[in-house]
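Structure assessment
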Amino acid sequence: AHARDYASRVGDLDGSISRFSADTRGPCYVRSEGKVLLLASVHQTFERPRKRRVLWVSLDSLEQAAALKAVLLRAPDDAALARGALLPASLEYVDATTVSVVDGAGRALIAALRVLGMDGGALALGWRMKGAIEALPLPLAPLLVDGALYALNGVFPDPLPPAVRAQCAAHGHHLLVELCDYGAKEDVAAIARVEAFVAERTRAQPAGERASVAVYECPTGREGLMLNRFRFAVAPAFRTYCVGRGQQGLSLDYALPKHCVHAPALPGGVTPTRRLRYAHFGCNVVHEDLAFEPGVDVHGAKMAIKRAVEQLGGRLPAEHGHGTEYVAPADMQARWVAMDPTNTLNPGIGGLSPCAGYACSR
């Protein structure tokens with residue numbers, strides 16, 4: 001609620017970064033990584049929408065997806081509307097490899113989400129049971145559940161509506177867009193922008209060629225939930241995929257400058273068998289899951305990719321914290337020290353000393 005410049009922070013596609021783990025903007029307890037006892041506080045800072053519309057937009061290139069994002073994040077043409085009035089409630093991206101891996105390893109999870117829901121105690125209980133099985137003192141216990149999920153994946157139904165499945169077969173890049181009406185028919189204005197974008201791209205194509213952009217609007221809220229479950233399942237499905245294929249998995253999250261369109265080139269020597277890219281596309285925070293053959297130095301690959309992201313002006317990590325693995329910038333370290341001068345809470349994070357009062361070095 002304090003970020004009064006949120007709309008421009010996200011929508012102005014300049015060389016700055018929307019958000020990242022070492023961002024010191026905002027109150028001190030933001031991004032505290034365990035240096036405060038309050039772990040999370042959730043506030044409904046937006047009014048409840050009168051209507052939600054969910055689109056699955058498929059495109060031929062990441063550049064096309066970025067062009068549509070620029071259209072959706074643009075300030076309203078109507079001066080009476082606030083700067084952020086037409087911002088999507090959600091703008092997510094998945095590539096073709098991500099769709100393939102979730103389809104090949106995530107169907108059981110998606111079926112469970114359909115029954116248990118994505119919030120509430122039933123799902124939490126399921127995760128705890130999975131963790132308990134994986135913690136058993138047995139040689140194959142950590143692999144047992146995911147191995148079974150991978151083996152049984154084909155038993156479960158297709159998690160995508162037929163029209164979306166067809167779009168995924170024809171295109172390699174996909175946006176999951178949620179648009180809302182808060183009383184001024186903002187969803188109608190945003191849909192008009194999407195339709196104008198599609199019409200412009202269609203006119204630019206030679207006659208007879210397949211359309212480079214396809215849009216599917218979910219006719220029911222149930223289908224919208226189905227697509228959100230598919231996106232939610234990516235990270236756990238990747239774990240299931242790696243266990244099922246006997247490969248090592250590396251999961252990264254990083255933020256790129258808002259005007260950055262291209263995916264970072266993998267450094268020399270980093271050769272994954274699968275590379276999944278999915279993102280909170282509106283703010284250009286990217287998740288990458290990479291699968292490697294056994295024996296590959298995954299930590300070395302992680303640090304090489306971190307350097308490649310930073311050479312583009314990006315930041316890694318972006319969401320999941322520094323932990324004890326990444327060294328935080330000096331200004332973030334100073335914030336943590338000021339918050340916890342005795343080093344009682346979460347000692348050793350972000351390259352700080354693990355000792356009481358920061359009395360020793362790492």
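What comes next is a walk through the structure. (Residues numbered from 1 in each chain as written. Predicted model: local features only at pLDDT ≥ 70, side-chain atom pairs only at ≥ 80, totals over all residues. Heavy atoms only, no water.)

Comments concerning the packing of helix H4 (residues 107-116) against helix H9 (residues 221-232)
The relative placement of two packed helices is expressed as an angle between their axes plus a distance between the axes. The interhelical angle for the contact between H4 and H9, taken along N-to-C directions, is 135°, at an axis separation of 10 Å. Regarding the angle of H4 to H9, the classification is oblique. In this structure, H4 crosses over H9, and the sense of that crossing is right-handed. Between H4 and H9, the residues in contact are Ile110, Leu113 and Arg114 and Arg222, Arg229, Phe230 and Phe232, respectively. For the contact of H4 with H9, the residue count by class is 4 nonpolar, no polar and 3 charged. (Axes fitted to C-alpha atoms, helices over the stretch in contact; angles between N-to-C directions. Helix = DSSP H or I, 4+ residues; strand = E, 2+ residues; numbered from the N terminus. Parallel < 35°, antiparallel > 145°, perpendicular 65-115°, else oblique. Left-handed = near helix turned anticlockwise from the far one by under 90°. Contact = heavy atoms within 4.5 Å. Nonpolar A, V, L, I, M, F, W, Y, C, P; charged D, E, K, R; others polar.)

Section: the nonpolar core
Grouped together as the largest cluster of nonpolar side chains are 39 residues, with contacts concentrated most on Val57, Leu175, Val177, Leu250 and Phe281. Elements supplying a minimum of two residues to this core: strand E1 (51-59), helix H2 (62-73), strand E2 (90-95), strand E3 (173-181), helix H8 (186-204), strand E5 (248-255), strand E7 (285-292) and helix H11 (298-311). Among all residues touching Val57, those that are not within four sequence positions of it are Leu68, Gln167, His173, His174, Leu175, Val177, Val213, Ala214 and Val215. One finds Val54, Val164, Val234 and Phe238 within the second-largest nonpolar core, a separate group that totals 28 residues. (Core = buried A, V, L, I, M, F, W, Y, C linked by side-chain atoms within 4.5 Å. Buried < 20%, exposed > 50% of the residue type's maximum accessible area, 1.4 Å probe, protein only.)

A look at the packing of H9 against helix H10 (residues 234-245)
Interaxial distance between H9 and H10 falls to 5 Å at its minimum, and their mutual angle equals 50°. In terms of orientation, H9 and H10 fall into the oblique class. On H10, the residues that touch Phe230, Arg231 and Phe232 of H9 are Val234, Ala235 and Pro236. Its residues assigned to classes, the contact of H9 with H10 comprises 5 nonpolar, no polar and 1 charged.

Points about the state of the cysteines
Applying the stated criterion across every chain yields a total of 1 disulfide. Each sulfur in the disulfide pair Cys355 and Cys360 lies 1.6 Å from the other. Since a negative S-S torsion denotes a left-handed disulfide, the Cys355-Cys360 link at about 75° is right-handed. Here Cys180 stays free of any disulfide, with the sulfur of Cys218 as its closest cysteine sulfur at 13 Å. Taking relative accessible area as the criterion, Cys180 reaches 6% and is therefore assigned buried. Unpaired in terms of disulfides, Cys260 finds its nearest cysteine sulfur in Cys283, a separation of 14 Å. (Disulfide = S-S within 2.5 Å.)

A few points about the packing of aromatic side chains
Aromatic rings considered in pairs are described by the distance between their centres and by the relative angle of their planes. Going through the model one piece at a time under the given rule, you end up with 2 aromatic pairs. Arranged with centres 6.4 Å apart and planes meeting at 80°, the rings of Trp56 and Phe230 form a pair that is edge-to-face. With a gap of 174 residues between them, Trp56 in strand E1 and Phe230 in helix H9 connect regions that are remote in the sequence. Here Trp56 and Phe230 have matching classes, each one buried. Judged by centre distance (5.3 Å) and plane angle (25°), the rings of Tyr93 and Phe281 are stacked. Placement of Tyr93 in strand E2 and of Phe281 in the loop between strand E6 (274-280) and E7 is noted, with a sequence separation of 188 residues between them. No difference in accessibility class separates Tyr93 from Phe281, as the two residues are buried. (Phe/Tyr/Trp six-rings, centres within 6.5 Å; stacked < 30°, edge-to-face > 60°.)

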